[in-house]
Amino acid sequence: MRWVALASLVLALAPDALAVKSQDFKTCSQSGFCRRGRALSTRAAEAKANKTTWVSPYSIDSSSLSISPSDASFTAAVKSSLYPDIKFGLELRVHEDGVVRVRMNEVDGLRKRYDEAASWALIREPEISKDITWKAGKKDVKAKYGENEVVVAFEPLKVTLLRNGKEQIVLNGEGLLHMEHFRAKEEPKKVEEGEEVVTDSEGQQEVMQQEPTVNPRAWFEGETEDDYWDEKFNSWTDTKPKGPESLSLDIDFPNHAHVYGIPQHATRLALPTTSGPEATYTDPFRLHNADVFEYLADSTMSLYGSIPLMHAHSADSTVAVFNAIGSETWIDISHPVKDKSTLSHWISESGILDVFLLPGPTPSDIFAQYARLTGTTALPAHWSLGYHQCRWNYVSSEDVRAVQKRFDEEDIPVDVFWLDIEYAEEHKYFIWDKKTFPDPVEMTEDVAASGRKMVVIIDPHLKRTSSYPVYQEASEKEFLVKNKDGGEYEGWCWSGSSSWVDCFNPAVADWWVEKFKLEKLDGRYSWVESTKDVHIWNDMNEPAIFNGPEISMHKDSIHYGGWEHRDVHNINGMLFHNLTSLAVLRRTSPPQRPFVLTRSFYAGSQRFGAMWTGDNLGTWDHMAVGIKMVLANSIAGMTFAGSDVGGFFGNPEPEMLVRWYQVGIFSPFFRAHAHIDTKRREPYLLDEPYKSIVKDILRLRYKLLPVWYTAFRETSVTGKPVVRPHYVEFPKDVKGFDLDDQFFVGSSGLLVKPVTDKGATEASVYLPAEDQVYYDYFSHVAYPSTSSGKQIAVPAALDQIPFFIRGDSIILTRERPRRSSPLMAKDPFTLTVALGKTGQAKGELYLDDGTSYAHESGDWVWREFVATTEGKKKKAVVKIESKDLGKTRGSEAVDPTKVTSPSKELSTETYDSKNAFAKSIEGVRVEKLVVLGLGSKPSSVKAAVSGEGDKELVWEWKEGVAASDKKMKDGSAASELIIKDPKVTITKDWVISVQL
Amino acid sequence: MLSPWLILSLLPLSTLGALEKTRGVPPDLLQKYAPAKSGSWKCLDGSKEIPWDFVNDDSCDCLDGSDEPGTGACPDTYFYCKNEGHIGSLIPSSRVNDGLCEVQCCDGSDEPEGVCPNLCKEVGEMYRRKMAEELKLRKTGSKIRSSYITYAQKEKKRLEGVIENTATEIALREKEYARLKDIADRTESLSAAALAHKQQSPLYLSLLDHSGALKSLQREHQKLVEREKQLSNILDTLRTGYNPNYQDMAVLEAVRGWEYIAGLPHINDVGKDNANDETVSDEEAGIVEDVQEEELEEGMWTKEELEKELGDLLSTDYVSLLMEHDEHVSSPPEESMIFDIASYLPESFLPQYEDFKDTLVSWLAAFGIIKGEEGASADASRARQALQDAENVLNKAKRDRENAEKDLEKLFDPKMFGAEGEWKKLDGTCLEYPSGDYVYELCFFGESKQKPTKGGQTFTLGRFSSWNSSPDVQVGSPEYYSKQLYNRGTKCWNGPERSVQLVMTCGTENAITSVQELEKCEYQFTATTPALCLPVDSNGNGKAGSREEL
């Protein structure tokens with residue numbers, strides 16, 4: 001018997017096909033509050049189907065309405081007809097920029113609902129408008145401003161945002177608002193004989209009662225108290241001492257057929273439906289940060305991070321909702337009117353109602369509005385936009401040196417080498433395993449000698465052992481999360497028996513900052529065996545706990561302030577990322593820009609660094625969905641994003657790896673990573689022709705770094721993402737609303753559609769609905785688009801990437817291959833002037849030292865390049881000008897929320913074009929210009945630099961089609977003017993005139 | 001090394017202005033860098049004609065990049081550093097004007113003037129010193145190597161001696177075998193018929209059946225024990241190292257199941273690192289205890305007895321047993337025939353017979369087969385045994401000769417001990433290298449092992465399979481001997497069979513210098529050995545001193 005049992009155990013261990021362990025994670029039906037929330041919407045739908053009325057039990061007591069005399073806010077009492085004795089309070093504010101904040105909480109309740117989620121997400125308390133006023137009527141209270149109007153109906157409670165009288169966002173329009181109030185637990189009735197406890201197929205226990213009592217609230221709440229006081233899942237019991245406290249809210253977009261956002265899910269960018277007759281998925285989208293082992297490439301399951309932000313879009317309007325909630329949340333999506341409206345139903349486990357309505361009306365406005373709330377992506381260190389080479393694990397300092405040597409031998413660029421958990425002795429982070437890494441500082445210096453950096457992992461689980469000073473200190477200071485009984489929370493992770501740093505404790509920040517100090521501290525641990533070139537990777541911060549419920553923390557464990565983990569679960573990962581970022585920033589004086597990668601994130605995480613999409617699989621569908629996930633994260637603020645190139649699990653064949661590098665170089669964050677069980681796959685290990693193809697791909701990323709960095713400057717100020725889906729750039733182009741496999745890089749005019757199909761030789765690309773020409777980036781052949789958009793077929797052999805320059809763009813590149821990006825700092829630029837249909841083009845370049853905060857006090861170069869055509873046909877003159885944007889838009893150059901406190905405020909007037917950084921690159925030239933789409937061969941090409949005379953330039957001409965050619969055929973070679981070394985520098989104003 | 005930023009900030013930009021046209025041109029191409037009479041210049045690939053002014057103007061004009069030997073403006077070209085006072089060197093164009101002073105360009109010519117100091121005097125000296133040291137090392141090494149060759153020569157002689165000697169011994173042994181065969185045949189003829197009859201006894205036949213069955217059982221038992229051991233190892237490894245799959249409930253169940261069966265405490269309850277030397281408490285060891293407490297029936301063997309004594313039982317000489325049995329069941333024993341036979345012989349034969357008997361008895365006694373008077377059948381079987389032994393000795397001698405012949409063949413086989421036999425000396429030499437919680441062992445031409453220092457299982461990392469098997473490496477070349485492959489080691493759970501790649505360089509000692517597991521279960525050892533130190537020629541060159549070695 002024993003042997004039989006063991007044999008079957010061994011069989012169970014046989015590695016089966018890669019697949020998610022879905023039994024480890026709850027479906028909605030296995031989660032008490034989600035079940036209750038969905039049952040509520042089912043009852044409402046049934047009532048409507050039966051033509052019975054369904055009226056929300058919540059209403060405003062109009063007598064309690066109190067409108068602020070000084071700003072655009074009011075408060076009012078809300079009552080529920082179900083529980084007349086329970087009090088709720090409602091508050092509405094209209095911010096200066098027109099964003100509406102709706103807050104509702106239980107008043108004088110038995111306990112306090114968690115109300116701090118927004119305080120972690122927001123960069124500051126938003127300014128409430130002083131100009132807008134609320135006007136109370138008999139049935140409602142209204143505020144009108146510009147095209148917008150907010151109407152709050154009293155009975156039933158309903159909040160509507162309108163633009164030009166058209167409903168944009170409606171809260172509780174479907175009557176699904178329900179805030180479960182705190183209550184005392186009734187003594188459980190003894191299970192009488194005759195009653196039986198049954199277990200249904202999903203392991204849920206219900207008490208079958210013989211005689212159900214009549215429940216007057218059953219029409220709304222259901223007959224039974226479903227999992228009010230404790231809840232079982234697999235072998236875990238969540239004790240739920242506070243009882244039911246969930247929050248249900250319907251958010252309706254009556255005139256928007258597309259919704260995007262609420263990352264992170266492995267799904268399409270335009271969110272598919274989860275309810276209604278033709279729902280794509282059966283389960284709602286879930287936001288519950290989780291370490292999902294071998295996750296599915298197409299699912300509503302929750303993943304590592306959660307941003308409760310949803311865009312709703314139509315050809316004439318974009319609006320958004322930010323639901324500042326930190327607890328587990330499920331979101332159902334349906335289209336009540338197909339291709340016209342979208343209804344979302346948000347079901348959260350705990351917390352107050354705190355919803356921000358972003359009025360738009362364009363995607364750009366939404367990004368600005370959201371950025372004013374949660375901040376923008378911090379301008380990253382320039383080197384962090386280079387190529388990151390990671391693996392679990394480079395096993396020793398000799399290994400790291402050998403890998404670097406191989407890159408250099410092959411002349412393949414790379415900026416960062418990463419170390420996963422095996423560098424740490426017994427997975428005690430910070431503590432080097434001296435058997436394999438005997439000389440960590442020397443190793444880092446060897447890497448730094450060619451301008452490179454190292455990124456080393458630091459996870460939030462601390463090994464519970466007296467030999468680990470970091471744990472010892474945290475334990476002594478009581479900086480660790482507590483279990484429900486008040487002791488240190490203990491769980492199992494890489495380091496074995498571990499405890500977790502509680503970043504909600506405000507005292508933890510200084511302590512954590514101290515751990516990263518490079519100098520020795522008296523009596524406390526600090527990481528002296530590190531250098532300023534070591535940056536950090538935060539993994540497992542969901543938190544991932546191998547033996548915890550759903551591979552995470554028990555929800556009844558306790559954080560600082562007595563809050564339960566359930567209240568803050570989705571915020572938890574962001575705080576660890578925040579503190580680590582702060583620690584790296586404060587490590588040196590003056591501060592250096594930190595690079596900290598996180599796996600878990602929340603609204604606002606963009607301020608602290610990059611994220612990646614976690615442990616993906618080396619499959620074609622994971623490669624494809626990675627692009628969609630990066631786009632979804634990008635529009636939700638988390639734009640410094642990427643997926644592991646090659647896939648974390650598995651051994652991708654060379655073709656797949658090549659294609660994955662093509663995807664990777666177009667991700668804001670570009671890292672190759674691999675699981676410990678996989679074969680090594682560094683690019684230099686590939687056979688030809690794959691090795692040369694990947695080398696060229698990597699070099700293309702480096703050539704385009706000026707474009708990426710310029711795009712990052714823009715996002716750091718405006719919130720507009722670095723990679724942009726079609727609807728963001730062309731919000732009126734209906735055919736592009738579902739597109740999520742091609743996208744634009746910043747405002748550069750670069751459009752890419754990475755190939756993610758095995759064996760592909762051709763790709764189909766959608767050109768936007770506009771009268772414009774698109775040039776193939778590599779071959780310079782032209783494709784005209786039309787005002788109704790156009791699908792084109794382009795060649796896409798393994799060494800080809802469908803990559804286009806939109807006419808009307810000037811692209812700045814640095815074409816010289818180097819070992820790492822810091823070594824390109826003095827390299828000359830090449831300008832590709834892609835003339836548009838009307839003979840115009842423009843582009844931007846932003847540069848600074850890339851590592852310090854000197855840019856915050858004006859040390860930068862921000863320039864605009866403009867091409868214009870004057871005159872007609874044969875007499876036309878094309879002028880290409882270099883202009884200083886500092887002089888015209890200097891105050892917009894950098895994010896006004898500064899890390900440092902520079903002595904001077906930046907403005908256009910105070911901007912000094914001869915700042916220290918500009919001086920340091922004053923000799924950097926433009927080495928070449930390529931003008932695409934000129935009408936005819938020029939007669940002369942001259943450069944004029946201010947203060948110097950005109951100079952005749954050397955140039956070559958290649959016949960081809962003109963941008964303005966109305967009969968242009970797809971794939972016809974564009975004319976090319978190649979200007980050799982115009983002897984102009986990048987920081988100076990100049991004009992190059994091309995006389996046709 | 002200076003940080004790149006430091007150097008960048010010093011970079012004087014004007015120096016990029018007018019460059020020497022031959023900057024960065026290697027000596028063998030110098031004559032090609034001169035303008036034509038027309039003042040133009042042809043790209044080296046002939047593809048384009050450009051003004052001479054365009055050469056080294058920091059702007060790439062030629063498709064092959066040949067117009068910019070000195071600026072790095074053309075990708076994937078090379079820049080030549082003269083390194084006067086040292087050795088000239090070619091570096092990739094990606095290193096030119098990148099703000100870093102290349103080690104390969106000690107003259108600093110890879111960066112604009114004034115950026116990098118000229119260190120060629122010092123570097124050159126250091127290099128020459130280093131080369132001298134290396135030469136010394138190589139000389140010492142090659143002396144040791146020649147002693148290896150001498151050893152191989154001696155070994156050759158020894159083996160030839162062995163072959164010669166074994167030939168003599170084989171002749172002797174063959175004679176002795178013939179003599180014993182004669183004795184055995186004669187002894188056997190005395191009782192062959194009787195023995196054949198006795199062997200028809202159902203008891204004897206049944207005994208053979210039992211023996212056969214027992215042997216089969218023993219074999220099956222051993223297989224199962226081996227299998228259990230392997231499974232236990234797999235499960236122990238899983239239990240102590242399951243982190244990556246702990247998220248998988250099936251793995252957790254397996255670990256718990258194993259802990260229950262093996263009577264181990266749950267891994268969460270013990271320090272993981274102590275999992276190997278944990279002590280099992282009585283309570284936890286429930287199942288194991290149960291088994292041990294089980295009472296044995298009368299006459300049943302314990303586990304230890306089964307392991308240690310079953311083999312002895314199975315090697316019982318059943319024929320002897322049959323004879324003894326015979327004596328037990330028949331009435332009072334008669335005198336042993338061999339001693340009694342005299343009574344039947346005529347007087348005149350007696351002296352010869354006594355001689356023969358003495359010889360036989362003393363011989364048998366010498367082999368410890370008989371102790372004085374015993375039955376004739378026993379004599380027969382013992383004589384046969386003696387014959388068998390003699391045959392064994394003969395065969396061993398034959399094998400010795402064959403082995404010696406084979407060894408002699410391998411001695412100068414380039415695929416084994418090298419054309420000069422220089423590797424023979426290392427045959428069976430074992431090197432050890434402690435790393436982490438293991439000691440790595442490698443016995444040349446034998447086996448490589450990973451031995452844990454804190455208890456646990458020793459794994460075979462592989463056995464010698466070949467020298468560098470890369471197709472572009474010639475058998476017998478120095479590169480061929482710089483690498484050995486050891487493969488077909490213990491299979492990794494969820495991975496390949498373990499293997500070792502031994503990468504060797506010339507050194508005065510045989511020693512492993514590093515051990516790395518570059519891929520899962522694929523190890524790379526580096527080692528030094530004098531066997532790779534080729535003789536140094538009169539110019540002081542061992543191998544051609546290449547520029548890449550700088």
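Per-chain numbering applies: the sequence of each chain, read as written, is numbered from 1 onward. Ligands are numbered from 1 and chains lettered from A, in the order in which they are written. The predicted nature of this model means local features are confined to residues of pLDDT at least 70 and side-chain atom pairs, given and counted, to a pLDDT of 80 or more, with totals for whole chains, interfaces and linings taken over all residues. Values reported for side chains reflect all heavy atoms of the structure, with hydrogen atoms and water molecules removed beforehand.

For chain B, an unreviewed UniProt entry supplies the name Glucosidase 2 subunit beta and the organism Dendrothele bispora.

Chain A appears in an unreviewed UniProt entry as Glucosidase II subunit alpha from Dendrothele bispora. UniProt positions are given in the numbering used here, feature names are shortened, and annotations may be inferred rather than shown by experiment. Among the UniProt annotations of chain A, the heading Sequence similarities (unreviewed entry) holds the following wording: "Belongs to the glycosyl hydrolase 31 family." Under the UniProt heading Pathway (unreviewed entry), the entry covering chain A gives this text: "Glycan metabolism; N-glycan metabolism."

S.K.: I tried to follow the overall build of chain B on my own but got confused; where do I start?
M.R.: A count of helical and extended segments in chain B gives ten helices and twelve strands. Partly exposed describes any residue whose relative accessible area lies between the buried limit of under 20% and the exposed limit of over 50%, with all areas from a 1.4 Å probe on protein chains only and scaled to the type maximum. For chain B, buried positions account for 38% of its 550 residues. What counts as a helix is a DSSP run of H or I of at least four residues, what counts as a strand is a run of E of at least two, and both are numbered from the N terminus.

S.K.: Can you walk me through the overall build of chain A in this structure?
M.R.: A tally of helices and strands in chain A yields 17 helices and 53 strands. Radius of gyration here uses only the C-alpha atoms, and the compact-globule reference equals 2.2 Å multiplied by the residue count raised to the power 0.38. The C-alpha radius of gyration of chain A comes to 29 Å, within 12% of the 30 Å expected for a compact globule of 996 residues. Overall, the C-alpha framework of chain A stretches about 100 × 70 × 60 Å when taken along its three principal axes. Taking all 996 residues of chain A together, 65% fall into the buried category. Working rule for contacts: check all heavy atoms of both residues, and any pair within 4.5 Å makes them a contact. Across chain A, the fraction of contacts at a sequence separation of at least 24, relative to all contacts at a separation of at least 6, is 71%. Taken as a whole, chain A presents about 35,200 Å² of accessible surface, with 51% of it coming from carbon and sulfur. Only four residue types enter the charge count: Lys and Arg as positive, Asp and Glu as negative, with His and the chain ends excluded. One atom stands in for each charge, and that atom is NZ of Lys, CZ of Arg, CG of Asp or CD of Glu. Side-chain charges of chain A comprise 118 positive and 143 negative groups, with the mean position of each set lying 6 Å from the other. Values of accessible area rely on a 1.4 Å probe in the Shrake-Rupley scheme; residue burial ignores everything except the protein chains shown.

S.K.: Would you mind showing me how to read the sheet that holds strand β6 (residues 438-443) of chain B here?
M.R.: By definition, the strands of a sheet pair up through backbone hydrogen bonds, in either a parallel or an antiparallel sense. Residue and element names in this part refer to chain B. If DSSP finds at least two bridges between two strands, the strands pair. Strand order in the open sheet made by the eight strands is β5-β6-β7-β8-β9-β10-β12-β11, with mixed pairing throughout. Lying at the two open borders of the sheet, with one neighbouring strand each, are β5 (430-435) and β11 (511-519). Adjacent strand axes in the sheet meet at a mean angle of 25° when their direction is disregarded. Sheet analysis places β5 next to β6, joined by six bridges and oriented antiparallel. Residue pairing for β6: S435 is matched across the bridge by Y438. Here an angle of 0 to 180 degrees is reported between the N-to-C directions of two axes, which are lines fitted to C-alpha atoms, with helices fitted over the stretch in contact.

S.K.: Help me understand the state of the cysteines in this model?
M.R.: A covalent bond between the sulfur atoms of two cysteines is referred to as a disulfide. All names here are of chain B. The definition used for a disulfide is geometric: two cysteine sulfur atoms within 2.5 Å. Evaluation of the coordinates by the stated rule reveals eight disulfides over all chains. Between the sulfur of C60 and that of C74 lies a disulfide, 2.0 Å long from S to S. Because the sign of the S-S torsion sets the handedness, a value of about 115° for the bond joining C60 and C74 places this disulfide among the right-handed ones. Of this pair, C60 sits in the loop between β2 (49-51) and β3 (78-81) while C74 sits in the loop between β2 and β3, and the two are 14 residues apart along the sequence. Between the sulfur atoms of C430 and its disulfide partner C443 the distance amounts to 1.9 Å. Looking along the S-S bond of the C430-C443 disulfide, the torsion reads about 105°, which is the right-handed sense.

S.K.: What's the story with the side chain of A:R863 in this structure? I'm lost.
M.R.: Residue and element names in this part refer to chain A. Along the polypeptide, R863 turns up in strand β45 (residues 861-870). A relative accessible area of 2% means that R863 is categorised as buried. In protein, a polar contact requires one atom able to donate a hydrogen and another able to accept it; more generally it is a pair of N or O atoms within 3.5 Å, and residues adjacent in sequence count only if both atoms are side-chain atoms. At a separation of 2.8 Å, a polar atom in the side chain of R863 contacts the main-chain carbonyl oxygen of T987. A polar contact is formed between the side chain of R863 and the backbone oxygen of K988, at a distance of 3.2 Å.

S.K.: What is the right way to look at the packing of aromatic side chains in this model?
M.R.: The relation between two aromatic rings is expressed through the spacing of the ring centres and the mutual angle of the planes. Working definition: rings of Phe, Tyr and Trp (its six-membered ring) pair if their centres are within 6.5 Å, and the pair is stacked with planes under 30 degrees apart, edge-to-face with planes over 60 apart, and tilted otherwise. The final tally for this structure, using the stated rule, is 69 aromatic pairs over all chains. The interplanar angle of 80° and the centroid separation of 6.0 Å between the aromatic rings of A:W418 and A:F595 together place this pair among those described as edge-to-face. Here A:F595 lies in the loop between α10 (565-585) and β30 (596-598) and A:W418 lies in strand β24 (residues 416-419), a separation of 177 residues in the sequence. A relative accessible area of 0% means that A:W418 is categorised as buried. Aromatic pair A:Y423 and A:W432: ring centres 5.0 Å apart, planes at 65°, arrangement edge-to-face. Like A:Y423, the residue A:W432 is buried in the burial classification. Here the aromatic cluster, defined as three or more aromatic residues joined through ring pairs, consists of A:Y423, A:F430, A:W432, A:F437, A:F479, A:W511, A:W512, A:F516, A:Y525, A:W527 and A:F576. Only when the NZ atom of a Lys or the CZ atom of an Arg is both within 6 Å of the ring centre and within 35 degrees of the ring normal do we say a charge sits over the ring. In this structure, A:K980 is placed above the aromatic ring of B:F54, and the distance from its NZ or CZ to the ring centre is 4.1 Å. Cation over ring: B:R498 sits above B:F459, and NZ or CZ is 3.9 Å from the ring centre.

S.K.: Which parts of the structure should I look at to understand the UniProt feature "domain: Glycoside hydrolase family 31 TIM barrel" (unreviewed entry) in chain A?
M.R.: In the numbering adopted here, UniProt assigns the feature "domain: Glycoside hydrolase family 31 TIM barrel" (unreviewed entry) to residues 378-711 of chain A. Helix makes up 32% of residues 378-711 of chain A and strand makes up 11%, while its end C-alpha atoms are separated by 12 Å.

S.K.: Teacher, can you tell me more about the side chain of A:H181 here?
M.R.: Residue and element names in this part refer to chain A. Looking at the element boundaries, H181 is found in the loop between β10 (178-179) and β11 (196-199). Classification of H181 by relative accessible area gives buried; the value is 6%. Setting aside residues up to four positions removed in sequence, H181 forms contacts with Y83, I86, F88, E106 and P244.

S.K.: Would you mind going over the sheet that holds strand β28 (residues 496-500) of chain A with me for this structure?
M.R.: All names here are of chain A. Read across the open sheet, the three strands follow the order β26-β28-β27; overall the sheet is antiparallel. Among the strands making up the open sheet, the edge pair consists of β26 (461-463) and β27 (491-493). The average undirected angle you get between the axes of adjacent strands in this sheet is 60°. In this sheet, β28 lies alongside β27 in antiparallel orientation, the contact comprising three bridges. By the bridge assignment, W492 is partnered in β28 with S497.

S.K.: Where do I start with the packing of helix α3 (residues 202-241) of chain B against helix α6 (residues 303-314) of chain B in this structure?
M.R.: Packed helices, taken two at a time, are described by their axes: the angle between them and the distance between them. All names here are of chain B. It is at 11 Å that the axes of α3 and α6 come closest, and there the two elements cross at 145°. For the pair α3 and α6, the sense of crossing is left-handed. Facing S211, L214, K215 and Q218 of α3, the residues of α6 in contact are L310, G311, L313 and L314. Polar here means any residue outside two lists: the nonpolar Ala, Val, Leu, Ile, Met, Phe, Trp, Tyr, Cys and Pro, and the charged Asp, Glu, Lys and Arg; Gly therefore counts as polar. Of the residues that constitute the contact of α3 with α6, the class distribution is four nonpolar, three polar and one charged. Should the near helix be turned anticlockwise from the far one by less than a right angle, the crossing is termed left-handed; should it be turned clockwise, right-handed.

S.K.: Can you walk me through the pattern of salt bridges in this structure?
M.R.: Close approach of charged atoms lets side chains of opposite charge pair. Definition used for salt bridges: Asp or Glu carboxyl oxygen within 4 Å of a side-chain nitrogen of Lys or Arg. One pass over the structure, following the stated rule, counts 104 salt bridges over all chains. One network of salt bridges, with partners in common, ties together A:D238, A:K242, A:E245, A:R286, A:E328, A:E349, A:E550, A:K555, A:E564, A:R566 and A:D567.

S.K.: Would you explain the nonpolar core in this entry?
M.R.: Across soluble globular proteins, nonpolar side chains show a tendency to be buried alongside one another. Residue and element names in this part refer to chain A. Side-chain atoms within 4.5 Å are what join buried Ala, Val, Leu, Ile, Met, Phe, Trp, Tyr and Cys residues into a set we call a nonpolar core. Ranked by size, the top nonpolar core spans 228 residues in total, and within it Y423, W512, W527 and F666 carry the most contacts. Sorting elements by how many residues they give to this core places helix α11 (residues 620-635) first, with nine residues. The domain boundaries here were taken from an automatic or database domain assignment. Two domains each provide a minimum of three residues to this core, namely domain 1 (44-182 + 234-374) and domain 2 (828-995). Once residues lying within four places of it in the same chain are set aside, the contact partners of Y423 are N393, Y429, F430, I431, W432, D433, F437, V456, I457, I458 and W527.

S.K.: I would appreciate a short explanation of the confidence of the model for chain B in the present structure.
M.R.: Interpreting fine coordinate detail is not advised for predicted regions of low pLDDT. All names here are of chain B. Predictor confidence is given residue by residue as pLDDT, running from a minimum of 0 to a maximum of 100. Confidence in the prediction for chain B averages 80 pLDDT; 76% of positions are at 70 or higher. Mean pLDDT per element in chain B: helix α1 (residues 4-10) is the minimum at 39, and β3 is the maximum at 97. Taken as a whole, residues 1-17 scores under 50 in pLDDT and shows 32 contacts with residues more than four places along the chain or in a different chain. In the model, residues 271-292 has pLDDT below 50 throughout and makes 29 contacts with residues more than four positions away in sequence or in other chains.

S.K.: Mind showing me how you'd approach the confidence of the model for chain A here?
M.R.: All names here are of chain A. Residue-level pLDDT values for chain A average 94, and 95% of them are 70 or greater. In the predicted structure, residues 1-17 sits below a pLDDT of 50 and forms 21 contacts with residues beyond four places in sequence or in another chain. Low confidence marks residues 194-207, where pLDDT is under 50. Its contacts with residues over four positions away, or in another chain, come to 24 contacts.

S.K.: Help me understand unusual backbone geometry, please; the structure alone is not making it clear to me.
M.R.: Phi is mostly negative for residues that are not glycine, and the peptide bonds are mostly trans. Residue A:Q264 is bonded to the preceding A:P263 through a cis peptide linkage, with omega at 15°. For A:Q264, the position within the fold is in the loop between β16 (258-261) and β17 (285-287). Cis geometry is adopted by the peptide bond preceding A:P590, which originates at A:S589 and carries an omega value of 0°. Phi is positive for A:E294, which is not a glycine, with a value near 55°. Along the chain, A:E294 turns up in the loop between β17 and β18 (309-314). Of note, B:F445 is a non-glycine position whose phi angle comes to about 65°, a positive value. By secondary structure assignment, the location of B:F445 is in the loop between β6 and β7 (447-452). Judged by its relative accessible area of 14%, B:F445 falls in the buried class.

S.K.: Where do I start with the domain arrangement of chain A in this structure?
M.R.: Interface size is commonly expressed as the accessible surface area that is lost when the partners come together. As assigned here, chain A comprises domain 1 (44-182 + 234-374) and domain 2 (828-995). Here domain 1 of chain A and domain 2 of chain A have C-alpha centroids that lie 46 Å from each other.

S.K.: Even after reading the chapter, I still don't get the pairing of β28(A), so can you show me in this structure?
M.R.: The side chains of a regular strand alternate, first on one face of the sheet and then on the other. Residues and elements named next belong to chain A. Most of β28 sits out of view: four of its five residues are buried. Here three bridges tie β26 to β28, and the two strands are oriented antiparallel to one another. Bridging from a neighbouring strand, K463 pairs with S498 of β28.

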